[in-house]
Amino acid sequence: MSILVDENSRVVVQGITGREGTFHTQQMLAYGTNVVAGVTPGKGGQKVQGVPVMNRVAEAVEMEGANVSCIFVPAAFAPDAVMEAAAAGIRVIVCITEGIPVLDMVRVANFVKEKGAMLIGPNCPGIISPGKTKVGIMPGHIHRQGSMGVISRSGTLTYEVVDQLTKSDLGQSTCIGIGGDPIIGTSFIDHLRLFKEDPQTEGVVLIGEIGGTAEEEAAEYIRAEFNKPVLAFIAGRTAPPGRRMGHAGAIISGGQGRAEDKIEALQAVGITVVLNLAELGDTAKQIMAGQ
Amino acid sequence: MSILVDENSRVVVQGITGREGTFHTQQMLAYGTNVVAGVTPGKGGQKVQGVPVMNRVAEAVEMEGANVSCIFVPAAFAPDAVMEAAAAGIRVIVCITEGIPVLDMVRVANFVKEKGAMLIGPNCPGIISPGKTKVGIMPGHIHRQGSMGVISRSGTLTYEVVDQLTKSDLGQSTCIGIGGDPIIGTSFIDHLRLFKEDPQTEGVVLIGEIGGTAEEEAAEYIRAEFNKPVLAFIAGRTAPPGRRMGHAGAIISGGQGRAEDKIEALQAVGITVVLNLAELGDTAKQIMAGQ
Amino acid sequence: MKLHEYQAKELFQKAGIPVPKGRLLTSRDKLGSVLEEVPGPPWVIKAQVHAGGRGKGGGVRLVKGQGEAAEAVAELLEKPLVTPQTTAEGVIVHQLLVEEGVDIDKEFYLGMTVDRKLACPTMIFSPSGGMEIEEVAKQSPDLIFKEPVNPATGWMPYQARNLIYKLSQVPGGSTVKELSSTMKKIYDLFVANDCSLLEINPLVITKQGSVIALDAKMTIDDNALYRHKDLAQLDDPREKDPLEVLAEAASLNYIRLNGNIGAMVNGAGLAMATMDVIKLAGAEPANFLDVGGGASEEMITKGFEIILKDERVRAILINIFGGILRCDVLARGVLEAAKKTDIDVPLIVRLEGTNVEEGRKILEESDLDFLVARDMAEAAELVAKEVKRQG
Amino acid sequence: MKLHEYQAKELFQKAGIPVPKGRLLTSRDKLGSVLEEVPGPPWVIKAQVHAGGRGKGGGVRLVKGQGEAAEAVAELLEKPLVTPQTTAEGVIVHQLLVEEGVDIDKEFYLGMTVDRKLACPTMIFSPSGGMEIEEVAKQSPDLIFKEPVNPATGWMPYQARNLIYKLSQVPGGSTVKELSSTMKKIYDLFVANDCSLLEINPLVITKQGSVIALDAKMTIDDNALYRHKDLAQLDDPREKDPLEVLAEAASLNYIRLNGNIGAMVNGAGLAMATMDVIKLAGAEPANFLDVGGGASEEMITKGFEIILKDERVRAILINIFGGILRCDVLARGVLEAAKKTDIDVPLIVRLEGTNVEEGRKILEESDLDFLVARDMAEAAELVAKEVKRQG
């Protein structure tokens, strides 16, 4: 198994003719991802990396059976692109784009939920089920198929974690970057629910950071409903309040979103929180060995 | 049983200090309806017909356990009143108000659905479960408790039908005026679903009229899922196209909404359609006797 | 409330939707100066009436010179125009729109309406422009493209793409942009003006690749007029039956029909059902009249007067099921009207519901001449009898 | 992007939200003419700085006459202001807002922000005006009233009632109307300007029963500035660290901190984690620097230069996990920077991911003096060692 995407995923790349879209389409194809179509309005009929380009997502769904979308459209047009995918019936939408205004995301998040789709991101590296498919921009080669689920608000920090897991002989079922923005399509909890039901997944690594209360909510969910071992890391223990730490969502404001509070909330429900990132791989290995 | 409202309904009247609100509060109380509170912003603390007036629906919910609302607020303010009720957790909202702009109703209908409430109306006489409670403006005395469900897009036409039923010794479980506007909170189908599960209801009378395709949709639902006898009447066989026949929703436009098409759709799935309104009571009696 | 084409086009222009250059002509004398201001020939002269099917009735003329223009104006202005949607007498044309001719390359249909089932505004687009959309719907439903609009997000650019790229022949890039921008503006206009219908048929692409609205139809939601005082002033009572104008002023729902049985009913559904019963009895209703749930004595009087003003009326059926409207109020209103006007046609009264006994008593104790019907069935029978009697 | 109080109040005024009459003072000489234009005494003189806690730092002065006003201006203008949210050196005050004094009857807090969990804008209202809302939240959370706004409907009047009628002392009818109207305008302003935070603290009711915004805080969503060119121009770079201004111009995410270990990382999360590792190793990070996923050679060079410009930096840690950003690009960028500037502090480099071998080779083959860390653990150890060595 694995969650959300696998060898049956048929991916449409929105913004395929752009620089990033083209580059990562090539990378995804190289990983073995089944990229069945690209979309760039007005460029229908072209080919990019051998992939047919269409004018509309609906065409990619009708003609190529696309069921997953990966979006590389610039921030000003990305909300429209996400909604187009959701309206066309795409059920898993991965939005890589960074810099979408928050109030646009208010509308997008509600729209996508109404359509019954799952939005990963925006401002995220995407999602990979190692050995099956990669829908996003993460370096595929550091992953290995296995039993660990990874959910993260960060990009390169996730690569770091995955690299340590792989080096500790812990492969991954699915790794999801949920995005670093204040409003994102899906939360830790949405994916924990899926990992709970996924037999391939035997343990989960949560990678949080300052800002918001998503980690606290995840802790509460895990306490009440999640039955597999969870290991967590929270970035930003040394971040000053009131400053936006790169990610639009990584800001301690109004006394909320501090790393200490998150760590405390997680520890309070019995989750192991790694304080030194360098030790994450080893700690994960110990925990999983203890199962 | 009965559907939506019964002796346990605790009614809040929004717009209770207005002329209509006050009059019908008195009428409802006389029928035995449990009117627990009224709401008129800024008039909290007063009493109308012995019923305490509050500033907010949320207060009526918190302090008096109101679970049904009946709205007599003028059209310009009614959308706000409906949303207030839905946001306050009221689950059955009856909106008597006529003349709400259609685009307001677009927003209201979506909002109410999102909140999980059922909106009856607007532009409707309300809902009555004879012998238990009356939430609306229908003359209570023509009803009798019994086994017929009535769903209607009309007001006085419903009274006519109920009167005939009662005179034919067919009492009613619940009678619902769903409203004569193009966009209404709940359709025939929503209530058929409830009647289907209601053991008190043994047969249903549908009262439709020109405009829209709600009757056609109901016919399809009945064919596929409804297992109790249904009798229908459609008003407006002689109505000219393109004219709004009193109700904002009663208009044949773009070749849609003709009475003949509705009658045909209903007959096609085996529903008896009464063509002469004067014969409705007798026909209902025959059908129910045949069960 | 319907707007005239020229009124809708003024709103289009303000919203940035391109329309042909044109001027309104209300008097024959002004034709010369109007033609000077409008680029051409050729010109197009269009009767400004609310009735549909105007083209089929000869209300739209393409003229190639001043002479032809003068002829067309002479034939149209202040003359009756008969279309498939008017009566046989037609409607009088009081205003003409004189427009520049446009080099048409392609014709589309673009419209917006509220989808009742989906409970949201919906854009409709079709490459079969110029035809009535109902005809297209019947003949080639696959050529009608629809996009419902989520009220939370408003019209989104992808929806324009969904409509435009469905065309078998996609126009050039700049035309696609213009089409897309027109769609967005139509949605904004629709919402800003509380429209119930907005239609451009045809929306054309010119030989130069520009998009232009050749026709314009706008209907405003009557219920929303209270917040659009500016639009309410565009109402043209000359387009309506004079009795309907009277009824409107009295807040009565009255529609004049072609029969001879006047009807006064409370409630729209019951009023329609009463019309149907009259028809079943072999007669034809002269009107739809719903005096409403909360009618006052004055409104009843007014309604009765309006029915009596219709000289085609041969009998009157009053059918009241008292709810909020009490039967005694109805009775007093009718008597009040009878005082003012001679009632020289048979009157059939059917009362039921709130205060019915009191209402019947008031009528019986008056010197009004009328027949009582105990229920709908009897009312229908009596109407039929009257029809036969007058034969 | 933060606005100054006077900038926010100008937007308030345009939106019809009442604010005290006031004038901006940027030079001592103008005080006389400003005081003539502003009703008073009393006047209120307020330092225009972005740092919070301005009142506690003495940046807000109530003056009863011209003499007191001149004194206050002399003490504030072009002088450093230290608040609980500034460094010990404080920030220089370049502008003062001079306002009329207002007869306060009651003080409220009114704010709007985006609720991340509910994914919608949320109005916050409290009768505990004048206090920091975080303090109120801690001490009396029952005095904080919230109304999330459904984006499909926008702010609805009932929501204002839900907030206002929760007050234990409901103000008079006309004041309720003014409060309600202010809430609606705040929502509209919030949405129209893509705010991430909008605060009025205090919003006061005057002794005359009028509602007036005594303070105004607005933060604009940086991601939305592209569609608000007018707002973008209100940015005041004097309020920022000069190195941060440099970084912004180069599209780098850089935040200056108080430590002495410079850090260059790709990715915000990894950059934060790197800061945390530095701290765990017993040192203090001098900055947060995320060069981003798709950084070019030039951006790397620029980022490295900015770190070197910080004279407090005693060692530099480069931590790159190559994904989109390839390690060879990083290496070349660093070498380019080294050419331009002398690197006189120890450099610790940890590379991993895409093109890592090539990157390491480029660095090794250069004449750059640096230490290699194989992983995060080793990087932390080396940093710790450097800190110890330098004592």
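Values in this document were obtained by computation on a predicted structure and should not be read as measured data. (Residues numbered from 1 in each chain as written. Chains lettered and ligands numbered in written order. Predicted model: local features only at pLDDT ≥ 70, side-chain atom pairs only at ≥ 80, totals over all residues. Heavy atoms only, no water.)

Quick look at the overall build of chain C now. Regarding its fold elements, chain C presents 13 helices and 18 strands. In terms of overall dimensions, chain C has C-alpha extents of about 80 × 50 × 40 Å along its principal axes. Taken over 391 residues, chain C has a buried fraction of 57%. Partitioning the intrachain contacts of chain C with sequence separation of at least 6 by distance along the chain shows that 66% fall at a separation of at least 24. (Helix = DSSP H or I, 4+ residues; strand = E, 2+ residues; numbered from the N terminus. Buried < 20%, exposed > 50% of the residue type's maximum accessible area, 1.4 Å probe, protein only. Contact = heavy atoms within 4.5 Å.)

Below, the discussion takes up the domain arrangement of chain C. Residues and elements named next belong to chain C. Annotation of chain C at the domain level lists domain 1 (1-20 + 103-239), domain 2 (21-101) and domain 3 (240-389). Relative to domain 3, the C-alpha centre of domain 1 lies at a distance of 41 Å. Together, the buried faces of domain 1 and domain 3 total about 270 Å²; carbon and sulfur atoms form 38% of this surface. Per-residue buried area on domain 1 facing domain 3 is highest for D235, P237 and E239; these three make up 92% of the total on that side. When the shortest N-O distance is used, the salt bridge between K240 and D235 registers 2.9 Å. (Domains from an automatic or database assignment. Buried area = accessible area lost by both parts, 1.4 Å probe. Salt bridge = Lys/Arg side-chain N within 4 Å of Asp/Glu carboxyl O.)

If you walk through the whole model with that rule in mind, you get 8 aromatic pairs over all chains. Measuring from centroid to centroid gives 6.5 Å for Y221 of chain A and F226 of chain A, while their planes differ by 45°, and the two rings are tilted. Overall, the relative accessible area of 7% leaves Y221 of chain A in the buried class. Residues F125 of chain C and F145 of chain C carry aromatic rings whose centres are separated by 6.5 Å and whose planes lie at 55° to one another, so their mutual orientation is tilted. Of this pair, F125 of chain C sits in strand β8 (residues 120-126) while F145 of chain C sits in strand β9 (residues 145-148), placing them 20 residues apart in sequence. With respect to burial, F125 of chain C and F145 of chain C carry one shared label: buried. Ring pairs connect the aromatic residues F108, F125 and F145 of chain C, which therefore count as one cluster. (Phe/Tyr/Trp six-rings, centres within 6.5 Å; stacked < 30°, edge-to-face > 60°.)

Once that is clear, we can look at helix α3 (residues 66-76) of chain D. Residue and element names in this part refer to chain D. The complete set of buried residues in α3 reads A69, A72, V73 and L76. Taken end-on, α3 shows its buried residues confined to a sector of 100°, consistent with a single buried face. The inward-facing, buried residues of α3 contact β1 (22-25), α2 (31-37), β2 (43-47), β3 (60-63), β4 (80-81) and β6 (96-100). In the segment just after α3, E78 is the residue with positive phi, at about 65°. (Arc of directions from axis to C-beta.)

A few words on the domain arrangement of chain A. Residues and elements named next belong to chain A. One can read the domain layout of chain A as domain 1 (11-120) and domain 2 (139-289). On a C-alpha basis, the centroid separation for the pair domain 1 and domain 2 is 26 Å. Contacts between the two partners involve 9 residues from domain 1, matched on the other side by 11 residues from domain 2. Summing both sides of the interface, domain 1 and domain 2 together bury roughly 880 Å²; the carbon and sulfur share of this comes to 71%. Linking domain 1 to domain 2 there are 0 salt bridges. Applying the counting rule to domain 1 against domain 2 returns 1 residue pair in polar contact (both at pLDDT 80 or more). (Polar contact = N/O pair within 3.5 Å; in protein donor to acceptor, adjacent residues only side chain to side chain.)

Residues and elements named next belong to chain C. Strands sit in the order β1-β6-β2-β3 across an open sheet of 4 strands; the sheet is antiparallel. Pairing within the sheet leaves two strands with one partner each, and these edge strands are β1 (22-25) and β3 (60-63). Each adjacent strand pair in this sheet contributes to an overall mean axis angle of 20°, direction not counted. Here strand β2 (residues 43-47) pairs with strand β6 (residues 96-100) via 5 bridges, running antiparallel. Directly across from I45, in β6, lies its bridge partner V98. In the packing of helix α3 (residues 66-76) onto the sheet, the strands contacted are β1, β2, β3 and β6, and the crossing angle to β3 comes to about 165°. (Pairing = 2+ DSSP bridges. Axes fitted to C-alpha atoms, helices over the stretch in contact; angles between N-to-C directions.)

Here we take up helix α9 (residues 268-280) of chain C. Residues and elements named next belong to chain C. With 13 residues, α9 extends 18 Å between its outermost C-alpha atoms, agreeing within 8% with the 18 Å of an ideal straight helix rising 1.5 Å per residue. Burial runs high along α9: 11 of the 13 residues are buried. All buried positions along α9 are accounted for by A268, G269, L270, A271, M272, A273, T274, M275, D276, V277 and I278. G282 lies just past α9 and shows a positive phi near 95°. (Expected span 1.5 Å × (residues − 1).)

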